[in-house]
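Commentary on secondary and tertiary structure
Read off the chains here:
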Amino acid sequence: MKLEEAKIKYIHTWGSLATHWGVNKTMAQVHALLLVSNTPLSSDDIMETLKISRGNVNMNVRALIDWGIVRKELISGERKDYFSADKDIWELFKQITKERKRREIEPVLKILEELHESVDENSVEAESFKKLMEDLSSVTTTVNGILEKTIKADEHWLLSNFTKYIKK
């Protein structure tokens, strides 16, 4: 298989898989294209490669920038905006984890706490509901803690190695 064929297959496969994780197919394809590109791409480059509209490119690039996984690049002498994605897959994973935690886990925790505390009845059914909210909150808090440790894993590694280096 030629490199360009492999890149296109990866881009389309990544887009299809992303829908199973609740991510827009086109957004995943734009990100995959930027990941496999050795140079920053303009909106025109993205439009041409993926055969999508300028509006679709702009909307998805903006969303990827909001997620912190794509950045705008300045190219001297060019008036167009260019975009690139960080190639460090571990950093990408941590950034996506951080955003999903902020956008999905933390709001759920807040709602579960509100629901648990808002029921002021003393019936068996109310106590059962409160217990369920408490259990869901406990599991979600545990997941939140695991994600937090994943996000900070390198920070602790770096700090411990830096400390070892200084002691030498």
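Basis of the calculations
- Residues numbered from 1 in each chain as written.
- Predicted model: local features only at pLDDT ≥ 70, side-chain atom pairs only at ≥ 80, totals over all residues.
- Heavy atoms only, no water.
- Patch = residues over 30% accessible without salt bridge, like charges linked within 9 Å, V, L, I, M, F, W, Y side chains within 5 Å.
- Areas by Shrake-Rupley, 256 points an atom, 1.4 Å probe, with all protein chains shown as cover.
- Salt bridge = Lys/Arg side-chain N within 4 Å of Asp/Glu carboxyl O.
- Helix = DSSP H or I, 4+ residues; strand = E, 2+ residues; numbered from the N terminus.
- Buried < 20%, exposed > 50% of the residue type's maximum accessible area, 1.4 Å probe, protein only.
- Pairing = 2+ DSSP bridges.
- Expected span 1.5 Å × (residues − 1).
- Polar contact = N/O pair within 3.5 Å; in protein donor to acceptor, adjacent residues only side chain to side chain.
- Axes fitted to C-alpha atoms, helices over the stretch in contact; angles between N-to-C directions.
- Parallel < 35°, antiparallel > 145°, perpendicular 65-115°, else oblique.
- Left-handed = near helix turned anticlockwise from the far one by under 90°.
- Contact = heavy atoms within 4.5 Å.
- 1 Å grid on protein atoms, 1.4 Å probe; cavity = no way out; pocket = protein on both sides within 12 Å on 5 of 7 lines; lining within 4 Å.
- Points joined across faces, edges and corners; volume = space filled by probe spheres on them.
- Nonpolar A, V, L, I, M, F, W, Y, C, P; charged D, E, K, R; others polar.
- Domains from an automatic or database assignment.
- Core = buried A, V, L, I, M, F, W, Y, C linked by side-chain atoms within 4.5 Å.
- Buried area = accessible area lost by both parts, 1.4 Å probe.

1. Looking at a nonpolar patch on the surface
On the surface, I111, L115 and F129 cluster together into a nonpolar patch covering about 230 Å² of accessible area. One can find L115 in helix α5 (residues 89-118).

2. Considerations on the pairing of strand β3 (residues 82-85)
The two faces of β3 match: Y82 and S84 on one face and F83 and A85 on the other face are all buried. Sheet topology places strand β1 (residues 41-42) next to β3; 2 bridges connect them, and they run antiparallel. In the sheet register, L41 faces β3, and the bridge partner there is F83. Here strand β2 (residues 70-73) pairs with β3 via 4 bridges, running antiparallel. Residue pairing for β3: K72 is matched across the bridge by F83.

3. Some thoughts on helix α2 (residues 25-36)
Structural remark: α-helix, 3.6 residues per turn; residues separated by three or four positions point the same way. In this model, α2 (12 residues) spans 17 Å end to end at C-alpha, consistent with the 16 Å of a helix rising 1.5 Å per residue. Two to three positions downstream of the cap, the backbone nitrogen of T26 sits 2.7 Å from a side-chain oxygen, assigning the N-cap of α2 to N24.

4. Looking at the packing of α2 against helix α3 (residues 43-50)
α3 packs onto α2 with a crossing angle of 110° between their chain directions and a minimal axis gap of 11 Å. As the angle between them shows, α2 and α3 are arranged roughly perpendicular. As α2 packs across α3, the resulting crossing turns out to be right-handed. Between α2 and α3, the residues in contact are Q29, V30, L33 and L34 and I46, T49 and L50, respectively.

5. Some thoughts on the layout of surface pockets
Where empty space is left in the structure can be found by rolling a water-sized probe over the atoms. Estimated volume of the largest pocket: approximately 360 Å³. Of all elements in the fold, only α1 (3-18), α2, α4 (54-67) and α5 reach the threshold of two or more residues within the lining of the largest pocket. For the lining of the largest pocket, the element with the most residues is α5, which contributes 4 residues. For the lining of the largest pocket, the residue count by class is 11 nonpolar, 2 polar and 2 charged. Inspection of the lining of the largest pocket shows a minimum of three residues originating in each of domain 1 (3-85) and domain 2 (89-167).

6. A look at the side chain of E99
Topologically, E99 is positioned in helix α5. Once residues within four sequence positions are removed from consideration, E99 is found in contact with D66 and W67.

7. Remarks on the nonpolar core
If you look at the biggest cluster of nonpolar residues, it comprises 20 residues, and the most contacted ones within it are V30, L34, I46 and L50. Where this core is concerned, the elements lending two or more residues are α2, α3, α4 and β3. Contact partners of L50, with chain neighbours within four places excluded, come to I11, Q29, V30 and L33.

8. Observations regarding the domain arrangement of the protein
Segmentation of the protein into domains returns domain 1 (3-85) and domain 2 (89-167). With 8 residues of domain 1 in contact, the opposing surface of domain 2 contributes 7 residues. Where domain 1 abuts domain 2, roughly 640 Å² becomes buried across the two surfaces, and 67% of that area is made up of carbon and sulfur atoms. On the surface where domain 1 and domain 2 come into contact, there are 2 residue pairs in polar contact (both at pLDDT 80 or more).

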